[in-house]
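Given next are the chains, with one letter for each unit.
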Amino acid sequence: MKKRGHIWAWVIFAIGIVYFFLPLLATFLFSLKARLGVLSFQAYENVLRDPAFVRSFSYSVLWATLTIIFGILLFVPTAYWVRLRVPQARTAVEFITLLPFVVPAIVYVFGLVRTYSHPPLLIVNSPFLLVAAYTVLSMPYMYRAIDTGLRAIDVRTLTEAAQSLGANWPTILFRIILPNIRVAILNGAFLSFAIVIGEYILAQYLAKPAFGPYMAVQGQNKAYEPAALAIISFGLTWASMGIIDAFGRGRGQGATIAGGH
Amino acid sequence: MTQLEAVKRDALKARPAYHKMSWAWLGVMPFFLFAFLFLIYPASTIVIRTFQDSHTQALTLKNIIGLNTPFIKTAYWVSIKISVVTALGGGIFGFFLAYSAVRGGLPSFMRGSLMTFSGVASNFAGVPLAFAFLALLSPAGVLTGWLKDIGLNPYDHGFTLYTFWGLSIVYMFFQFPLMVLIITPAIDGLRREWLEASENLGATSFQYWRYVALPILLPSLLGTMILLFGNAFGAYATAFALTGGQITLVTIVIGAQLRGDILNDPGLGYSMAFGMVIVMALAITGYTILQRRTERWLR
């Protein structure tokens, strides 16, 4: 029985490995062909030397960071308060945090542009709209990561202990609760980073000079550089997931499921 | 909920601080305000304008009826077809992969690497994913080159990366890792005792699957496949970067409508987007219902 099990399991696993790695291997090989006749890292050099790459990439890193900070500031107090004081709000809050699954990104940006591109609501060009939109996009992952973290600690006892020692609300939130759920927050943060860094749809339609639209333009104009960009993106995604994995082995693996297709 | 039930529920939750409850709501107001401004209001704009005449603002079903054109119906049909095909394909293969990692007697590190890789691959999507498959299977791609060398150029046999089947192959790259991630806990929930019990009672392998394992797994299998359906249905960036917007998907048409009114009717953009939300809402509802049935066995 066990022996027979081995064979089909190995075969399926082998097919899986081929399907996973063949595109990556091909992309890597392709990215080395920028110089005629020899394998070289020319395409990577071209990408890294391109000022537009540096500009758009640092732009995206900046907005990803702002999105993460804004998300933490908004969702930690909310999730904490829902657990502590207004459990009646839980259903409504959870429903809202799942809404971004129901509204695909292209439909969402359609709504945003059509809502906020006419006076008196002309804020479509404001950089804050991009942070808000990315916060919405990462909300299902960020909020749920934080909420899972809060479930694992005794919020009520920690709060009462802090209060009886004379702590005020900011102290409780930032010096008691936040450090206790830092692993959960890191999970949410790196997942948000992986989603936001190469995000195309929102950045494109809100006309922001981000990394996603930059890659798309390269895809239309260059041959080998897009392959190098794909390898770089894959490395970034891998690094984000690897950090989550290293911090949170065994806890809530559901949190690593995302998407920005 | 009847009034009596509501009273009972509130009585259970009542605490000494109950009379302060109205003030406590203030603490979650920033969240609700944010959600209203940047999610609910823009989304409801789509719903409201679907039922509004784009010139007179009068209430109308014109935009819904207007969806009944060959072009828009094709867009929905192709989107639904590609989502069903990749949900089934990704779902079935992802299930086998997860099952062989969990129950196939493989070394345990392989399960760990599969989960890590699935986490990465299900998040590796959009523009760079399209680039990876262009490097693999475009006419100048690496695999195409290898196949040409052995006399099997796929482009001589009607294959292109830029149409339905090509895009399906690309979508599978994020579909089956997602299946692996979600279905693995359900497979873990299949207890070894059930297999042993059915073997002791003389059941064949087929009978075990037909009467024990499959009925238990079915809700989570179907539920996860519905999720995969939604995942593919809402996808845009991958398809756009791969085909340059040449494939007719609902998402591609909505994007084109947003750049410039390609449907020659601003109202139709709203009703197309509204239609997508309806399909996604149905899918998520189906997933939630099936997920609840699954949870009975996952203790």
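What you are looking at is a predicted structure, and each value in this text was computed from that prediction instead of being measured. (Residues numbered from 1 in each chain as written. Chains lettered and ligands numbered in written order. Predicted model: local features only at pLDDT ≥ 70, side-chain atom pairs only at ≥ 80, totals over all residues.)

Q: Sorry, what's going on with the overall build of chain A here?
A: Scanning chain A from terminus to terminus reveals 12 helices and 0 strands. Along chain A, from the amino end to the carboxyl end, the secondary structure elements read α-α-α-α-α-α-α-α-α-α-α-α. Across its three principal axes, chain A shows a C-alpha extent of roughly 75 × 70 × 30 Å. Sorting the 261 residues of chain A into buried and exposed places 48% on the buried side. (Helix = DSSP H or I, 4+ residues; strand = E, 2+ residues; numbered from the N terminus. Buried ≥ 20, exposed ≤ 12 C-beta atoms within 10 Å, placed from the backbone.)

Q: Hey, could you run me through the environment of Y141 of chain A in this one?
A: Secondary-structure assignment places Y141 of chain A in helix 6 (residues 127-151). Spatially, the C-alpha atom of Y141 of chain A lies 16 Å from that of Y80 of chain A, the residues being 61 residues apart in sequence.

Q: Whenever I open this one, the packing of helix 3 (residues 29-50) of chain B against helix 14 (residues 266-295) of chain B confuses me. Can you help?
A: Any two packed helices are characterised by how steeply their axes cross, that is the angle between the axes, and by the distance between the axes. Residues and elements named next belong to chain B. At a closest axis distance of 8 Å, the pairing of helix 3 and helix 14 adopts a crossing angle of 120°. Judged by the angle between their axes, helix 3 and helix 14 are oblique. Between helix 3 and helix 14 lies a crossing whose hand is left-handed. Residue-level inspection shows I46, V47, R49 and T50 of helix 3 in contact with helix 14, the latter providing Y270, S271, A273, F274 and V277. Looking at the contact of helix 3 with helix 14 residue by residue, the class counts come to 6 nonpolar, 2 polar and 1 charged. (Axes fitted to C-alpha atoms, helices over the stretch in contact; angles between N-to-C directions. Parallel < 35°, antiparallel > 145°, perpendicular 65-115°, else oblique. Left-handed = near helix turned anticlockwise from the far one by under 90°. Contact = placed C-beta atoms within 7 Å. Nonpolar A, V, L, I, M, F, W, Y, C, P; charged D, E, K, R; others polar.)

Q: Looking at this structure, I do not really get the nonpolar core. What am I missing?
A: V107, V109, A133, I146 and L202 of chain A together with F133 and A273 of chain B are the most contacted members of the largest nonpolar core, which has 157 residues in total. The element best represented in this core is helix 6 of chain A, accounting for 14 residues. Every residue in contact with F133 of chain B, bar those within four places of it in the chain, is listed here: P23 of chain A together with L161, V170 and L242 of chain B. (Core = buried A, V, L, I, M, F, W, Y, C linked by C-beta atoms within 7 Å.)

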